[in-house]
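Understanding the architecture of this molecule
The primary structure of each chain is shown beneath.
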Amino acid sequence: MPQGPVPQGPVHRDAHVLAGINRILQEALRASTEEELGRLCLEVAEDLTGAEFSFFGERGPSHDRLDHIAISERGWAAWRGDDPDYSERQLPNGMKIHGIFGQVILQNRSLIVNDPASHPDRVGTPDGHPGLRNFLGVPLRRDGETFAMFALGNHPTGFTERELAIAEELAPAIVQALLRKRAEVASRASQRRLLSLIEGIPQLVWTATRDGQWTWASAQWVAMTGLSVEQSLGDGWLAAVHPDDRDAARRFWESASENGDLAMEGRLRHGQTGRYRWFKTRATPVHDDHGRVIEWFGTSTDIDTLRRLRERQETLVAELQHRVRNILTIVRSIFTRTVESGGPIDEIADHFRGRLDSLARTQVVATQTRSGKIDLENLIRDELLVVGAIEDERLSIEGPDVALPADTAESIGLAIHELTTNALKYGALRHPAGRLTIAWGIEHKSNNKCELIVKWDETGVPAMPVPPVRQGFGTELIREALPYGLGARTRLEFRGGGVLCVVSLPWSADDTDPVNRSAEG
């Protein structure tokens, strides 16, 4: 039979060929790799044509090289070389496209060669390759272009037009099976990448039908809620939603078909702790070719901490506004009472400056602590430090750890400032024989209430006490402002030997020190 291309007219598909095509298409679905699929296709071709061995190759990226997709089992068995790659069944890739098999690809046509030794394009075979007595090659086309080929070798009596027709009938099925397998592998790889991406994000991810029936839930959802994927399907996800938020969740889906943009905040139950946490849920529609919603892709993001911070911020802003108004009221009151006290303008300015400085020190400490509270002992020591009396041996300071709210500290700080100023000018901090004892403690009352009692006690002042002719700022603050603003009970005495001041404040039992010492009075 002459060598060269064989006419390709229509042929009758006998039952054996049809069975072979069906086998390729059906078993291709079960093949795990392209190589496994290639060996199956080659096995079918060998069985139908009587060839002794075969291979299946594809043009590489450079188009002038051939990469093997598969070599048949009979081809591996017929190899007689000592190349270790072949003994380990390593597919030879990067083979130059030339010789007899190269003509199939380069000329984009089927080829029968029954006398390879005399063929003008013969270039020989690799070491160990079984002797080539005859050859049949068929191009594999995609979108009209040859991208691969399969070749059969060594028919016992030589290849004929019948074997060529059979091979050409198998070619479209081989292409279809290969492309389907590649699409399947790509789809699985894409799904693996998508699942890896989904599992790597902190959001809970899920999919649902157009009316909100869940069809899938991510591992994060399962870990968070304790509901399995099966338990979450359909309406099962509602079991994780806070009872007070379920109606809103249902309305969430009722509006789905109207606007196609779904977002809501609701609480989800943590499966292990039983606590509910706030989540922001968003859903994005998936449309068909006609723009209709066919599915929803949703995420639920934990915003519990953010929401609590937002609520805390709103509270802080409200507290700040209140504090600013309160501070302005205090400053206005300080200014008015300082001016009304009379005296030289320099003295008025000194008093006003000292009182503002005391107020400012309290504000600085309050803004430096997360709780906004101020340690009572530090408040007292700061006032004494300003006048240089903190290291005085005549001074005694004693009391448990007590944290004052900022508004309480403002008033108490001003009272300590007024007592310190008075003691420095007229009392225990002026006279060498004077002594000052400052003590405080928590006293538990019989009605299960507590009081914080702060006592300022001066002794050893030699001058005879002279009660003020008129009530000054400090006296008014202690006797009137503290009771009015803080609900305190106060006692202020200008006695022989120095001033005695006792302030009793209502106190919460939650704020008491574990070891409480009561100031004696």
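Being a predicted model, the structure only gives us computed values, none of them experimental.

This next bit is on the overall build of the protein chain. Each helix and strand in the protein chain was counted, giving 15 helices and 18 strands. Among the 521 residues that make up the protein chain, the fraction classed as buried is 43%. Put simply, the protein chain shows about 28,100 Å² of open surface, and 51% of that area lies on carbon and sulfur atoms.

Time to look at the pattern of salt bridges. Under the definition given, this model contains 25 salt bridges. The partner of Arg23 in a salt bridge is Glu27, and the shortest N-O contact between them spans 3.3 Å. A residue pair is termed a helical-turn pair when its members lie 3 or 4 positions apart in one helix, as Arg23 and Glu27 do in helix H1 (residues 15-27) at four residues. Assessed through its relative accessible area of 26%, Arg23 is described here as partly exposed. Between Glu58 and Arg182 there is a salt bridge whose closest N-O contact spans 2.5 Å. Remark: Arg182 occurs in helix H6 (residues 161-199) and Glu58 occurs in strand E1 (residues 53-59); sequence separation between them is 124 residues.

All right, on to the environment of Pro432 then. Relative to the helices and strands, Pro432 is located in the loop between helix H14 (406-425) and strand E15 (435-444). Relative accessible area serves as the criterion here: at 74%, Pro432 is assigned to the exposed category. Linking Pro432 and Arg394, residues 38 residues apart in sequence, is a C-alpha distance of 8.4 Å.

Before going further, it helps to spend a moment on the confidence of the model for the protein chain. Predicted coordinates in areas of low pLDDT are best not read in detail. Model confidence for the protein chain is summarised by a mean pLDDT of 82, while 84% of its residues fall at 70 or above. For the stretch residues 1-12, pLDDT sits under 50, and the model shows 26 contacts to residues farther than four places along the chain or on other chains.

Inspection of the secondary structure puts Leu268 in strand E9 (residues 262-269). Residue classification places Leu268 among the buried positions, given a relative accessible area of 7%. Between the C-alpha atoms of Leu268 and Met224, which are 44 residues apart in sequence, the distance is 8.6 Å. In this structure, Leu268 is in contact with Leu204, Trp221, Met224, Ala240, Val241, Arg275, Tyr276, Arg277 and Phe279, ignoring residues within four places of it in sequence.

Take a nonpolar patch on the surface next. Together, Val286, Ile294 and Phe297 make up a nonpolar patch on the protein surface, roughly 230 Å² of accessible area in all. Assignment of secondary structure puts Phe297 in strand E11 (residues 293-302). By relative accessible area, Phe297 is classed as partly exposed at 34%.

Read across the sheet, six strands follow the order E3-E2-E1-E6-E5-E4 without closing on themselves; strand pairing throughout is antiparallel. Single-partner strands in this sheet number two, and they are strand E3 (95-96) and strand E4 (111-113). Across eight bridges, strand E5 (residues 135-142) lies against strand E6 (residues 145-153) in antiparallel orientation. Of the residues in E6, the one forming a bridge with Arg141 is Thr146. Against the sheet, helix H5 (residues 99-106) contacts E1, strand E2 (65-71), E3, E4, E5 and E6, and its axis sits at roughly 30 degrees relative to E5.

Moving on: the packing of aromatic side chains. The tally for this structure, following the rule as stated, stands at four aromatic pairs. With a centroid separation of 5.4 Å and an interplanar angle of 10 degrees, the aromatic rings of Trp214 and Trp237 are classed as stacked. Taken as a pair, Trp214 in strand E8 (residues 214-217) and Trp237 in the loop between helix H8 (229-232) and helix H9 (246-254) lie far apart in primary sequence, 23 residues in all. Clustering of aromatic rings is evident, with ring pairs tying together Trp206, Trp214, Trp221 and Trp237. The residue whose ring lies beneath Arg142 is Phe147, and the NZ or CZ to ring-centre distance is 4.4 Å.

Moving on: the packing of H1 against helix H2 (residues 34-49). One can describe the packing of H1 onto H2 by two numbers: an axis separation of 10 Å at closest approach and a directional angle of 170 degrees. Taken together, the axes of H1 and H2 lie roughly antiparallel to each other. Contacts between H1 and H2 pair His16, Val17, Gly20, Arg23, Ile24 and Glu27 from the former with Leu40, Cys41, Glu43, Val44, Asp47 and Leu48 from the latter.

In this section: the nonpolar core. By size, the foremost hydrophobic cluster in this structure holds 41 residues, and its most contacted members are Leu376, Leu384, Leu404, Ile412, Trp440 and Leu452. Those elements that place two or more of their residues in this core are helix H13 (376-386), strand E13 (395-398), H14, E15, strand E16 (450-459), helix H15 (473-486) and strand E18 (498-507). No other element matches H14, which puts seven residues into this core. Contacts of Leu404, omitting those with residues within four sequence positions, involve Lys373, Ile374, Leu376, Leu379, Ala409, Ile412, Leu452 and Trp507.

Taking 1.5 Å per residue as the helical rise, H15 with its 14 residues ought to reach 20 Å, whereas the 17 Å between its terminal C-alpha atoms falls clearly short. The largest bend along H15 reaches roughly 35 degrees and is located at Glu480, with the proline Pro483 sitting one to four residues downstream. For H15, the set of buried residues is Phe473, Gly474, Thr475, Leu477, Ile478, Leu482 and Leu486. At the C-terminal side of H15, Gly487 shows a positive phi close to 70 degrees.

Burial in H13 covers these residues: Leu376, Leu379, Ile380, Glu383 and Leu384. Within H13, the buried residues cover an arc of 130 degrees as seen down the axis, which keeps them to one side. Away from its buried face, by an angle of more than 90 degrees, H13 presents the exposed residues Leu385 and Val386. Two to three positions downstream of the cap, the backbone nitrogen of Glu377 sits 3.3 Å from a side-chain oxygen, assigning the N-cap of H13 to Asp375. Two residues or fewer after H13 comes Gly388, characterised by a positive phi angle close to 75 degrees.

Overall, antiparallel pairing links the five strands, which are arranged E8-E7-E11-E10-E9 in an open sheet. Each having just a single partner strand, E8 and E9 make up the two edges of the open sheet. Adjacent strand axes in the sheet meet at a mean angle of 25 degrees, parallel and antiparallel pairs treated alike. As paired strands, E9 and strand E10 (residues 276-287) are joined by eight bridges and run antiparallel to one another.

Running from N to C, H13 and H14 cross one another at 35 degrees; their axes reach a closest spacing of 10 Å. In this structure, H13 crosses over H14, and the sense of that crossing is right-handed. Contact residues: Leu376, Leu379, Ile380, Glu383 and Leu384 in H13; Ala409, Ile412, Gly413, Ile416, His417 and Thr420 in H14. Looking at the contact of H13 with H14 residue by residue, the classes come out as seven nonpolar, three polar and one charged.

Thresholds, definitions, all that
- Residues numbered from 1 in each chain as written.
- Predicted model: local features only at pLDDT ≥ 70, side-chain atom pairs only at ≥ 80, totals over all residues.
- Heavy atoms only, no water.
- Helix = DSSP H or I, 4+ residues; strand = E, 2+ residues; numbered from the N terminus.
- Buried < 20%, exposed > 50% of the residue type's maximum accessible area, 1.4 Å probe, protein only.
- Areas by Shrake-Rupley, 256 points an atom, 1.4 Å probe, with all protein chains shown as cover.
- Salt bridge = Lys/Arg side-chain N within 4 Å of Asp/Glu carboxyl O.
- pLDDT = per-residue confidence, 0-100.
- Contact = heavy atoms within 4.5 Å.
- Patch = residues over 30% accessible without salt bridge, like charges linked within 9 Å, V, L, I, M, F, W, Y side chains within 5 Å.
- Pairing = 2+ DSSP bridges.
- Axes fitted to C-alpha atoms, helices over the stretch in contact; angles between N-to-C directions.
- Phe/Tyr/Trp six-rings, centres within 6.5 Å; stacked < 30°, edge-to-face > 60°.
- Lys NZ or Arg CZ within 6 Å of the ring centre and 35° of its normal.
- Parallel < 35°, antiparallel > 145°, perpendicular 65-115°, else oblique.
- Core = buried A, V, L, I, M, F, W, Y, C linked by side-chain atoms within 4.5 Å.
- Expected span 1.5 Å × (residues − 1).
- Bend = angle between axes of the 7 residues up to and from the residue.
- Arc of directions from axis to C-beta.
- Polar contact = N/O pair within 3.5 Å; in protein donor to acceptor, adjacent residues only side chain to side chain.
- Left-handed = near helix turned anticlockwise from the far one by under 90°.
- Nonpolar A, V, L, I, M, F, W, Y, C, P; charged D, E, K, R; others polar.

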